[in-house]
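This is what each chain is made of:
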Amino acid sequence: MSDSISISLTGITDLPPGKIAAIVTSLEMFAPPAKRADPPGLSGFSLEPIGRDVARYLAIYRVLGERWMWFSRLVKPVVEIEAILADPAVEFFAVRADGRDVGLLELDFRVAGEGELSFFGLDEAVLGCGAGRWLMNRALERAWAQPISRFWVHTCTLDHQSALEFYQRSGFTVFKRSVEVDDDPRLAGHMPRDSVPHHPVIE
């Protein structure tokens, strides 16, 4: 199978079997936004550094990401993930509530002067109570405590339908849109075949 396709900019492009595609929207901010108060009732939430615990990191990643086809970490060799976790320029936190891991925050400062909100997710069980705003407040605090002049994030059409609007309400502004095509991770066994059923497997 060819590793390249021509995408029509004025109509529909058929993907080869075994491929998936998404529209990626990238957003950025160049200064800290006005602070927003934490929602009430979330005093039991906390951030806990993951450190170099690859098993814990991947367990959280899978729980959060299998609904939205997060797979970029799942297709990497474990040694590469270990190297990322060991990099002092990348921060990894588990969101804790009621004695369990319910979310993930990953901040990447490997590009000088910039911060990337690499992964930001919460277990479905804690959505709707303000946990997203609580976590974004933590992300913004930590990001702008670093010597950066730009903080950015990207989301895509495989993500939660409210993600883009949430990032915009949080102070990010859209600057780019892209088309991402990749191998379907379910066919290679990186994710359960029945995950993300709203994007069916096509072989």
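Above this text you will find the structure in question.
In this structure, Phe 45, Leu 117, Met 136, Phe 151 and Tyr 167 are the most contacted members of the largest nonpolar core, which totals 30 residues. Of all the elements in the fold, those that place two or more residues in this core are strand E1 (19-29), strand E3 (90-97), strand E4 (100-108), strand E5 (114-122), helix H3 (131-144), strand E6 (150-156) and helix H4 (163-169). A per-element tally of this core places H3 first, with eight residues. Those residues in contact with Met 136, other than ones at most four positions away along the chain, are Leu 117, Phe 120, Phe 166, Tyr 167, Ser 170 and Phe 172. Ile 60, Phe 92, Phe 119 and Leu 158 belong to the second largest nonpolar core, which has 25 residues in total.

Moving on: the environment of Ser 8. Looking at the element boundaries, Ser 8 is found in the segment before E1. C-alpha of Ser 8 to C-alpha of Leu 42: the two residues are 34 residues apart in sequence and 47 Å apart in space. At 3.2 Å, the side chain of Ser 8 forms a polar contact with the backbone nitrogen of Thr 10. At a separation of 3.1 Å, a polar atom in the side chain of Ser 8 contacts the main-chain amide nitrogen of Gly 11.

Here we come to the packing of aromatic side chains. Using the criterion set out here, one finds eleven aromatic pairs in the structure. Aromatic pair Phe 45 and Trp 134: ring centres 5.8 Å apart, planes at 55 degrees, arrangement tilted. With Phe 45 in the loop between E1 and strand E2 (46-49) and Trp 134 in helix H3, this residue pair connects regions lying 89 residues apart in the sequence. Each member of the pair Phe 45 and Trp 134 is classed as buried. When the ring of Phe 120 is compared with that of Tyr 167, the centres are 6.2 Å apart and the planes differ by 70 degrees; the resulting orientation is edge-to-face.

The sheet built from seven strands is open, its strands ordered E2-E3-E4-E5-E6-E1-E7 with mixed pairing. Two strands bound the open sheet, and with one partner strand each, they are E2 and strand E7 (173-183). In this sheet, neighbouring strand axes are inclined to one another by 30 degrees on average, regardless of whether the strands run parallel or antiparallel. The sheet contact formed by E5 and E6 spans three bridges and is parallel. Along E6, the bridge assignment pairs Gly 115 with Phe 151. In this fold H3 packs onto E1, E2, E3, E4, E5 and E6, with an angle of close to 160 degrees to the strand it touches most, E5.

Cut-off values and rules
Residues numbered from 1 in each chain as written. Predicted model: local features only at pLDDT ≥ 70, side-chain atom pairs only at ≥ 80, totals over all residues. Heavy atoms only, no water. Core = buried A, V, L, I, M, F, W, Y, C linked by side-chain atoms within 4.5 Å. Buried < 20%, exposed > 50% of the residue type's maximum accessible area, 1.4 Å probe, protein only. Helix = DSSP H or I, 4+ residues; strand = E, 2+ residues; numbered from the N terminus. Contact = heavy atoms within 4.5 Å. Polar contact = N/O pair within 3.5 Å; in protein donor to acceptor, adjacent residues only side chain to side chain. Phe/Tyr/Trp six-rings, centres within 6.5 Å; stacked < 30°, edge-to-face > 60°. Pairing = 2+ DSSP bridges. Axes fitted to C-alpha atoms, helices over the stretch in contact; angles between N-to-C directions.

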